[in-house]
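For reference, the chains in residue letters:
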Amino acid sequence: MNRFERQPQAAVEAEVEYRDGDFRVRRPGAFVRCAVTGEPIPLDELRYWNVDLQEAYSSTDAKLIRIGVSFPKKS
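1. Things to note about a nonpolar patch on the surface
1) Next: Together, V36, L64, I65, I67, V69 and F71 make up an exposed nonpolar region whose accessible area comes to about 480 Å².
2) Next: By secondary structure assignment, the location of L64 is in helix α1 (residues 60-66).

Put into structure tokens, the structure is as follows:
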């Protein structure tokens, strides 16, 4: 996103094109949804995505779950 794009509208989901190292807002909005958890991710907090799958992730754990990494169970 760059400074010339419009400001997001409150409570509207954005449409985003994920690129290597950045993303482009195709339809303005305030958030995108995590592909794993479904939780909303504010655009200014979006840090993790997959260019090939064009998906956003809320955390590194969500991204690892998506690619099939399992976590050990806590005791």
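2. Focus: the pattern of salt bridges
1) Next: Under the criterion given, the structure shown has five salt bridges.
2) Next: Measuring nitrogen to oxygen at the nearest pair gives 3.7 Å for the salt bridge that ties E13 to R33. Highlighted residues: E13 in the segment before β1 (15-18) and R33 in strand β3 (residues 31-33), separated in sequence by 20 residues.
3) Next: For E13, a relative accessible area of 32% gives the class partly exposed.
4) Next: With a relative accessible area of 39%, R33 lands in the partly exposed category.
5) Next: Among the salt bridges present, the one from E17 reaches R19, with a minimum N-O distance of 3.8 Å.

3. Thoughts on the nonpolar core
1) Next: Judged by nonpolar contacts, the single largest core of 14 residues is most densely connected at V16, Y18, F23, V32, L43 and L46.
2) Next: Those elements that place two or more of their residues in this core are β1, β2 (23-27) and β6 (55-57).

4. Things to note about the pairing of β2
1) Next: Taken together, the four bridges between β1 and β2 define a ladder with antiparallel strand orientation. From the neighbouring strand, E15 faces β2, where its bridge partner is R27.
2) Next: Remark: four residues form the turn of the hairpin made by β1 and β2, two consecutive strands paired antiparallel; G21 in that turn has positive phi of roughly 85°.

How each quantity is defined
- Residues numbered from 1 in each chain as written.
- Predicted model: local features only at pLDDT ≥ 70, side-chain atom pairs only at ≥ 80, totals over all residues.
- Heavy atoms only, no water.
- Patch = residues over 30% accessible without salt bridge, like charges linked within 9 Å, V, L, I, M, F, W, Y side chains within 5 Å.
- Areas by Shrake-Rupley, 256 points an atom, 1.4 Å probe, with all protein chains shown as cover.
- Salt bridge = Lys/Arg side-chain N within 4 Å of Asp/Glu carboxyl O.
- Helix = DSSP H or I, 4+ residues; strand = E, 2+ residues; numbered from the N terminus.
- Buried < 20%, exposed > 50% of the residue type's maximum accessible area, 1.4 Å probe, protein only.
- Core = buried A, V, L, I, M, F, W, Y, C linked by side-chain atoms within 4.5 Å.
- Pairing = 2+ DSSP bridges.

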